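The residues making up each chain are set out below.
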Amino acid sequence: MNRVYVCSCFGITEQQVKKHAENGACTPRQVASACKAGTDCGSCVRRIQAILGRGECPHRELADQGKPVLSALDEAA
C-alpha cells in the first residue's frame, strides 16, 4: 500500500486528510480536531491547506454560509 504521509508527528496520511474533508472538515483546524494533524510541529499545515484547497471539501459552500458541516467528524476520527 502506497501511503503519502502529510503529518509525520501523528502518522496521518493524505488519504486520511481527504477522508476527514469528505466528512466535513474544511479547514486545517477542523482536520486537527479530527486527527491531531498539524498540532505538534505545524510543518504539515500548509500541506493540509493545499489538500483542502484542491476542492477536497464537499461541504465548503455550507461552511462559507456559516452552516454546520462537522456532523460526521466524530465517526471519522
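Reading guide: rules and limits
- Residues numbered from 1 in each chain as written.
- Predicted model: local features only at pLDDT ≥ 70, side-chain atom pairs only at ≥ 80, totals over all residues.
- Heavy atoms only, no water.
- Helix = DSSP H or I, 4+ residues; strand = E, 2+ residues; numbered from the N terminus.
- Buried < 20%, exposed > 50% of the residue type's maximum accessible area, 1.4 Å probe, protein only.
- Contact = heavy atoms within 4.5 Å.
- Areas by Shrake-Rupley, 256 points an atom, 1.4 Å probe, with all protein chains shown as cover.
- Salt bridge = Lys/Arg side-chain N within 4 Å of Asp/Glu carboxyl O.
- Arc of directions from axis to C-beta.

A. How the structure looks around the overall build of the protein. Along the protein, the regular secondary structure elements total 5 helices and 2 strands. The 77 residues of the protein split such that 35% are buried. Taking the contacts inside the protein whose residues are at least 6 apart along the sequence as the reference set, 65% of them involve residues at least 24 apart. In the structure as shown, the protein presents an accessible area of about 5000 Å², 46% of it carried by carbon and sulfur atoms.

B. Quick peek at the pattern of salt bridges. Throughout the structure, instances matching the rule amount to 3 salt bridges. The salt bridge involving Lys18 is made with Glu14; its shortest N-O contact spans 3.3 Å. You can see Lys18 and its partner Glu14 sitting in helix H1 (residues 14-22), 4 residues apart, about one turn around the helix. Judged on exposure class, the residue Lys18 and its partner Glu14 are both buried. Sharing partners across several salt bridges, the network here consists of Glu14, Lys18 and Arg47.

C. Spatial organisation of the environment of Phe10. Looking at the element boundaries, Phe10 is found in the loop between strand E1 (5-7) and strand E2 (12-13). Accessibility expressed as a relative area gives 35% for Phe10, which makes it partly exposed. For the pair Phe10 and Asp40, spaced 30 residues apart in sequence, the C-alpha to C-alpha distance is 8.4 Å. Those residues in contact with Phe10, other than ones at most four positions away along the chain, are Cys35, Lys36, Ala37, Thr39 and Asp40.

D. Main features of the environment of Gly38. Note that Gly38 resides in the loop between helix H2 (28-35) and helix H3 (45-56). Measuring from C-alpha to C-alpha, the distance between Gly38 and Ser8 comes to 9.4 Å, with 30 residues separating the pair along the chain. Gly38 has contacts with Cys7, Cys44, Val45 and Ile48, leaving out every residue within four places of it along the chain.

E. Focus on H1. Taken as a whole, H1 has its buried residues at Glu14, Val17, Lys18, His20 and Ala21. Buried positions in H1, seen along its axis, are confined to an arc of 160° and lie on one side of it. Following H1 by one or two positions, Gly24 has its phi on the positive side, about 120°.

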